[in-house]
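# Residue-level structure breakdown
Each chain, letter by letter, is given below.
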Amino acid sequence: MSEREAIGHAIAYRGHLLETQLSASTVNARLAALKSFVTHAAKRKLCAFRLDDIKSVKAQTYKDTRGISIEQFQLLIDGIDRKTVMGKRDYAMLRLLWDNALRRAEVCGLDRADFHPGEARLYLKGKGKIDKEPIDLAPATIEAISDWLASMGESRSPALFVSCRDTRLSVDRLYQVVGGLAEAAGIDRLVSPHKIRHSSITALLDLNGGDVRSAQAHSRHKNLATLIRYDDGRQQLQGKAAKTLADAISERDVD
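One structure accompanies this document, and this report is about it.

Definitions and limits used
- Residues numbered from 1 in each chain as written.
- Predicted model: local features only at pLDDT ≥ 70, side-chain atom pairs only at ≥ 80, totals over all residues.
- Heavy atoms only, no water.
- Helix = DSSP H or I, 4+ residues; strand = E, 2+ residues; numbered from the N terminus.
- Expected span 1.5 Å × (residues − 1).
- Buried < 20%, exposed > 50% of the residue type's maximum accessible area, 1.4 Å probe, protein only.
- Arc of directions from axis to C-beta.
- Contact = heavy atoms within 4.5 Å.
- Salt bridge = Lys/Arg side-chain N within 4 Å of Asp/Glu carboxyl O.
- Polar contact = N/O pair within 3.5 Å; in protein donor to acceptor, adjacent residues only side chain to side chain.
- Core = buried A, V, L, I, M, F, W, Y, C linked by side-chain atoms within 4.5 Å.

What follows is about helix α6 (residues 139-152). It helps to recall that an α-helix has 3.6 residues per turn; residues three or four apart then point in one direction. Over its 14 residues, α6 extends 20 Å from the first C-alpha to the last, a length consistent with the 20 Å expected when each residue adds 1.5 Å. Listed in full, the buried residues belonging to α6 are T141, I142, A144, I145, W148 and M152. Projected down its long axis, α6 carries its buried residues within an arc of 165°, all on one side. Facing away from the buried surface of α6 by more than 90 degrees, the exposed residues are P139, E143 and A150. Those residues of α6 that are buried lie in contact with α4 (85-99) and β1 (115-116). Of the residues flanking the end of α6, it is G153, one or two places downstream, whose phi is positive at about 75°.

With that out of the way, let us pick up unusual backbone geometry. Although it is not a glycine, K45 adopts a positive phi angle of roughly 65°. Take K45: it is sitting in the loop between α2 (24-43) and α3 (70-78). One non-glycine residue, A101, lies in positive phi territory at about 50°. A101 gets classed as buried once you look at its relative accessible area, which sits at 0%.

Attention now goes to the pattern of salt bridges. Counted by the stated rule, this structure contains 8 salt bridges. For the salt bridge of R168 with D111, the shortest nitrogen-to-oxygen distance reads 2.5 Å. Separated by 57 residues along the polypeptide, R168 in the loop between α6 and α7 (171-184) and D111 in the loop between α5 (104-108) and β1 bring together distant segments of the chain. Classification of R168 as partly exposed rests on a relative accessible area of 34%.

Before going further, it helps to examine α7. Compared with the 20 Å implied by 1.5 Å per residue over 14 residues, the 20 Å span of α7 between its first and last C-alpha is a close match. Listed as buried for α7 are L174, V177, V178, L181 and A182. Taken down its axis, α7 places every buried residue within 125° of arc, on the same side. In α7, the exposed residues that point more than 90 degrees away from the buried face are D172, E183 and A184. Buried residues along α7 sit against α3, α4, α5 and α8 (193-207). Residue G186 follows α7 closely and has a positive phi angle near 80°.

This next bit is on the side chain of R103. In this fold, R103 is placed in the loop between α4 and α5. Engagement of the side chain of R103 in a polar contact is seen with the side chain of E106, the distance being 2.8 Å.

The next point concerns the nonpolar core. Ranked by size, the top nonpolar core spans 40 residues in total, and within it L76, L94, L96 and F161 carry the most contacts. Among the elements of the structure, α3, α4, α5, β2 (121-124), α6, α7 and α8 are those that each provide at least two residues to this core. With 7 residues, α4 is the largest single contributor of residues to this core. Those residues in contact with L96 that sit more than four places away from it in its chain are A101, L102, V107, L110, L122, L137, T141, I145 and F161. Within the second largest apolar cluster, 11 residues are counted, among which are A6, V38, L51 and I54.

Right, dumping it as structure tokens:
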């Protein structure tokens, strides 16, 4: 196709991604892949244009990092039927999302070989990392994963968490599992795997008195400023500041 047609398709694709309410980072990653592909084609003389003028979308900072409360998460996991095989799986995944604040891609990317109960550790390939790094596990998390592995039976997949079809659990399926459990628990807000990660970090800041250094080690955020935003959201500092300023102004009676 012509350069004009190609750019039109790329702009339409960008608009479609935004309409599906994907995160800015996901949209930009997909656009970058498309642009890289076309650049490669241009180098091989398969087309006479590039898509360098297609702009990335601006990433938004976290707005609501409060997530759900400890009590709401307790309701969520209490609703899991842990007598069933899939229930044991879901419980183990939820424990990792909460106890270790894992990202959903990290949970789904785990292999059985990454789990070392004797060391009380999980070897995890973190965001943007090449090599796997060890993270410490709490006894309750180890027990939950071990219970799932003992019940899952033989599997041809190396994945730690598999679907009922014995294939690696997808991030979309994990999203559905978490949303379904939250709905069953009567939580009247959108709950996603990443929202549980937010909730885990916020709950830790509540429990440790706002120790952002500890929360940074827990969440594995590179930038401490991100944790400060979590702490600000936890304390609702912006709302308190607005109320303080509003209260400083006297209201004049209007006849």
